[in-house]
Amino acid sequence: MEEVVNSAPVELSYDATKEKGLRRVGIIYGDVGTTQFTFSVSGVVEQGDYVQVLHEKFGWVLGRVDEIKRKTNLSIERTKEILMGNDVEVKEMLSATVIVIGYRDSKGFLQYPRIPFRVGSVVYLAQDSFIKKVIGIEDIREKGAYIGRLFRHKNIPIYLDINAMVQKHVSILAKTGAGKSYLTGVLLEEFLKHGVTAIVIDPHGEYPSLKFPARKTKAHEEFKVRPRGYATKVKVFSPDAQLNKAKPLKFTLSTMAPRELLNLMNLDARQYLIPLRKAMDLLKMSRKYFTIRDIIRLLESEENNNLAPLIAQLEYLDEMGIFDKRGTRIDEIVERGKLSIINLRGIPPDIQELVVQRLSMALFELRKREKIPPLMLVIEEAHNYAPQQGVSSATKILRTIASEGRKFGLGLCIISQRPAKVDKNILSQCNTQIILKVTNPHDLKAIGNSVEGLTRGSLEEIQRLPIGVALVTGGNISMPLFVEIRPRETKHGGESVKVI
Ligand SMILES: Nc1ncnc2c1ncn2[C@@H]1O[C@H](COP(=O)(O)OP(=O)(O)OP(=O)(O)O)[C@@H](O)[C@H]1O
Ligand SMILES: [Mg+2]
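Residues numbered from 1 in each chain as written. Chains lettered and ligands numbered in written order. Predicted model: local features only at pLDDT ≥ 70, side-chain atom pairs only at ≥ 80, totals over all residues. Heavy atoms only, no water.

1. Looking at the overall build of the chain
Phase 1: A tally of regular secondary structure across the chain gives 16 helices and 21 strands.
Phase 2: Principal-axis analysis of the C-alpha atoms places the extent of the chain at approximately 100 × 55 × 50 Å.
Phase 3: Buried residues in the chain amount to 50% of all 500 residues.
Phase 4: Taking the intrachain contacts of the chain between residues at least 6 apart in sequence as the baseline, contacts between residues at least 24 apart amount to 71%.
Phase 5: Counting only carbon and sulfur atoms, one obtains 50% of the accessible surface of the chain, whose full area is about 25400 Å². (Helix = DSSP H or I, 4+ residues; strand = E, 2+ residues; numbered from the N terminus. Buried < 20%, exposed > 50% of the residue type's maximum accessible area, 1.4 Å probe, protein only. Contact = heavy atoms within 4.5 Å. Areas by Shrake-Rupley, 256 points an atom, 1.4 Å probe, with all protein chains shown as cover.)

This is the structure we're talking about:
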């Protein structure tokens, strides 16, 4: 074998006292690569912990424990002896695999050591200040959303750059019950605190609780969070204003194309488009605004039995109360520095799609003309409005916002429990990615394909994440980090319902 560079004798009896305050957790052994190495564990270290090792040429280098294995000399045959009650001497050792993260060079750039560590080097648990420096975690309190702290590091708060989120979009993905809506609530609180204008599409009516403070818990103290409500900064709109105790949300009927109306009614365009268009054109000639009742009256006056299904469907739409002579003005919905919740609880799916489509279109157009402030459009259950397969009337405009919104200061935040079922064009545009627990193999694959820098160990970890821990990457976070989400200031509206 060829002699390696820098082949000074390896200092195996490392003097740990030289590194004050550092906790030694093991010694590097076996084959050592530049991006990965293994060490025998002699201290307390867990999967996911950060470690640091002194490199003879590059100084201190940061790594992260990706996997830990227990190596033993107990063979399957010898387990029989244990079964028979005999004493069996077993040797075992823990071996940890570390993925090298790197070090900061004199210019502050993240670098990899281009020569492997020496075997026998001592591995230490990384210090908070070193982790922050190498990963590049900054306390950007002013322009950052405080979402929690680095998992198992209570002194490393994590802030997400709000500008990056609005300019380059966000995705929040996880299986049901993993904490997506809770975390979205945290983000919305931060938006409110920083004066960011936002609109949330809320299919389950979970977000009006942002008006009310949470009950104080020990976690609030730990995370330095104070319960509070945002009643003065939150407005709620709904097509069913009564059911959802909200301001009414209505659209102007005269701006709807007859074909769009037919799509909503699930009627055959070939049969009903012409009579519907005729009726609407006639009404438009005589007045600026008209109602569904006006259309029904006109169609009824034709006394044509073939039009009965059309009339019946129009009656249904009328009952939904989603259209009016004059719809809700967008500049009434969007207010600088405030959060508007579009509560769609109890609204049929086709009407929900219509709301998302109309609203997104209006926001995009008005933002282009700078008639409304820059804002974040948050969409819960996004697989319903922008499905990968099948159609939703809202998909097209959401794709446009995903690809062009950044030019106009219109950010998207996509939330879904089925990442594999959300339109890939839209998901791929989301730069800040937040992933909570995911177990479905299709969804894991979709995530593995779309998140850069995920190691095999991290993908395994995602399947076992406890509630409230998220993998975060993008924006100002340059590599995937596990973050323990902070408690809510406000009440969480999505509590699971107890059946018994
Ligand atoms: N960071 C957290 N800290 C404490 N509790 C949490 C946290 N995240 C979630 N929970 C709890 O877990 C439960 C489920 O969370 P949440 O409603 O956010 O799930 P979800 O991912 O939105 O689910 P679904 O897909 O069904 O909407 C809630 O009752 C909430 O109280
Ligand atoms: Mg939810």
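Back to the write-up after that little detour.
2. Describing the layout of surface pockets
Phase 1: Of the voids in this model, the largest pocket is the one considered here, and its volume is about 800 Å³.
Phase 2: Along its surface, the largest pocket is lined by 36 residues, and Val451, Glu452, Gly453, Leu454 and Pro480 are the ones closest to its centre.
Phase 3: Listed by contribution, the elements that provide at least two residues to the lining of the largest pocket are β4 (59-72), β5 (92-104), α14 (424-427), α15 (441-450), β20 (469-474) and β21 (477-485).
Phase 4: Across the lining of the largest pocket, the residue classes tally to 18 nonpolar, 13 polar and five charged.
Phase 5: In this structure, the lining of the largest pocket is formed jointly by two domains, domain 1 (16-135) and domain 2 (144-249 + 328-485), each of which donates at least three residues. (1 Å grid on protein atoms, 1.4 Å probe; cavity = no way out; pocket = protein on both sides within 12 Å on 5 of 7 lines; lining within 4 Å. Points joined across faces, edges and corners; volume = space filled by probe spheres on them. Nonpolar A, V, L, I, M, F, W, Y, C, P; charged D, E, K, R; others polar. Domains from an automatic or database assignment.)

3. Notes on the packing of aromatic side chains
Phase 1: Within the structure shown, the criterion is met by five aromatic pairs.
Phase 2: Measuring from ring centre to ring centre gives 5.2 Å for phenylalanine 37 and phenylalanine 117, while their planes differ by 75 degrees; the resulting arrangement is edge-to-face. Remark: phenylalanine 117 occurs in the loop between β6 (110-111) and β7 (122-125) and phenylalanine 37 occurs in strand β2 (residues 36-41); sequence separation between them is 80 residues.
Phase 3: The class for phenylalanine 117 is buried, based on a relative accessible area of 6%.
Phase 4: The ring of tyrosine 50 has arginine 64 lying over it, and the distance from NZ or CZ to the ring centre is 5.8 Å.
Phase 5: Here the basic side chain of arginine 488 rests over the ring of tyrosine 182, its NZ or CZ set 5.6 Å away from the ring centre. (Phe/Tyr/Trp six-rings, centres within 6.5 Å; stacked < 30°, edge-to-face > 60°. Lys NZ or Arg CZ within 6 Å of the ring centre and 35° of its normal.)

4. Notes on the site of ligand 1
Phase 1: Taken together, the neighbourhood of ligand 1 is formed by 16 residues, with Thr176, Gly177, Lys180, Ser181 and Tyr182 sitting nearest.
Phase 2: Between ligand 1 and threonine 176 there is a distance of 2.7 Å, counted from an oxygen atom to a side-chain nitrogen or oxygen.
Phase 3: At 3.3 Å from an oxygen atom of ligand 1 is found a main-chain nitrogen or oxygen belonging to alanine 178.
Phase 4: A total of 640 Å² of accessible area belongs to ligand 1 in isolation, and the protein chains cover 79% of it.
Phase 5: Looking at the shell around ligand 1, the element that brings in the most residues is helix α4 (residues 180-193), giving three residues.
Phase 6: Considering only residue class, the shell around ligand 1 consists of four nonpolar, nine polar and three charged. (Near = heavy atom within 4 Å. Polar contact = N/O pair within 3.5 Å; in protein donor to acceptor, adjacent residues only side chain to side chain.)

5. A few points about the environment of threonine 34
Phase 1: For threonine 34, the location among the structural elements is in the loop between β1 (23-29) and β2.
Phase 2: Classification of threonine 34 by relative accessible area gives partly exposed; the value is 28%.
Phase 3: When the C-alpha atoms of threonine 34 and methionine 84 are compared, they prove to be 46 Å apart, with 50 residues separating the residues in sequence.
Phase 4: Aside from chain neighbours lying at most four places away, what touches threonine 34 is Val100, Tyr112, Pro113, Arg114, Ile115 and Pro116.

6. Let's talk about the domain arrangement of the chain
Phase 1: According to the domain assignment, the chain consists of domain 1 (16-135), domain 2 (144-249 + 328-485) and domain 3 (253-324).
Phase 2: The distance between the C-alpha centroids of domain 1 and domain 3 comes to 71 Å.

7. Overview of the nonpolar core
Phase 1: Counting 75 residues, the largest nonpolar core has Ile295, Leu310, Phe323 and Ile342 as the members making the most contacts within it.
Phase 2: With eight residues, helix α11 (residues 349-368) is the largest single contributor of residues to this core.
Phase 3: Two domains each put at least three residues into this core: domain 2 (144-249 + 328-485) and domain 3 (253-324). (Core = buried A, V, L, I, M, F, W, Y, C linked by side-chain atoms within 4.5 Å.)

8. A closer look at the side chain of aspartate 49
Phase 1: Note that aspartate 49 resides in the loop between β2 and β3 (50-55).
Phase 2: A polar side-chain atom of aspartate 49 sits 2.8 Å from the main-chain amide nitrogen of glutamate 46.
Phase 3: There is a polar contact of 2.6 Å between the side chain of aspartate 49 and the side chain of arginine 152.
Phase 4: Dropping the residues within four chain positions of it, aspartate 49 is found in contact with Gly63, Arg64, Val65, Leu125 and Arg152.

9. Describing empty space enclosed by the protein
It is a probe the size of a water molecule, rolled over the atoms, that shows where empty space is left.
Phase 1: For the structure on display, the rule yields one cavity of 30 Å³ or more.
Phase 2: Empty space within the largest cavity amounts to approximately 40 Å³.
Phase 3: Looking at side-chain class alone, the lining of the largest cavity contains five nonpolar, three polar and no charged residues.

10. Description of the packing of helix α7 (residues 269-286) against helix α8 (residues 292-300)
Phase 1: Packing of α7 against α8 leaves a shortest axis separation of 10 Å and a crossing angle of 115 degrees. The hand of the α7/α8 crossing is right-handed. Where α7 approaches α8, its residues Pro275, Leu276, Ala279, Met280, Leu282 and Leu283 are matched on the opposing element by Asp294, Ile295, Leu298 and Leu299.
Phase 2: Here the residues of the contact of α7 with α8 are counted per class, giving nine nonpolar, no polar and one charged. (Axes fitted to C-alpha atoms, helices over the stretch in contact; angles between N-to-C directions. Left-handed = near helix turned anticlockwise from the far one by under 90°.)

11. Describing the pairing of β3
Phase 1: Burial runs high along β3: five of the six residues are buried.
Phase 2: Here β3 runs beside β7; their pairing, made up of three bridges, is antiparallel. Opposite glutamine 52, over in β7, you have tyrosine 124 as the bridge partner. (Pairing = 2+ DSSP bridges.)

12. Focus on unusual backbone geometry
What is expected of a backbone is that most residues other than glycine have negative phi and most peptide bonds are trans.
Phase 1: In this structure, lysine 224 takes a positive phi of about 55 degrees despite not being glycine.
Phase 2: Note on placement: lysine 224 falls in the loop between α5 (218-222) and β12 (234-238).
Phase 3: The residue glutamate 381 is not glycine, and still its phi comes out positive at about 50 degrees.
Phase 4: Taking the relative accessible area as the measure of exposure, glutamate 381 reaches 12% and is therefore buried.

13. Quick word on the sheet that holds strand β11 (residues 197-202)
Phase 1: Strand order in the open sheet formed by twelve strands is β9-β8-β21-β20-β19-β10-β18-β17-β11-β16-β12-β13, and the pairing between neighbours is mixed. At either end of the open sheet lies a strand with only one pairing partner, and these are β9 (157-161) and β13 (247-248).
Phase 2: Where strand β10 (residues 170-173) and strand β18 (residues 410-416) come together, four bridges link them in parallel fashion. Residue pairing across strands places isoleucine 172 opposite isoleucine 415, the latter belonging to β18.
Phase 3: Here helix α13 (residues 395-408) sits on the sheet and contacts β17 (375-379) and β18; the angle it forms with β18, its principal contact strand, is near 140 degrees.

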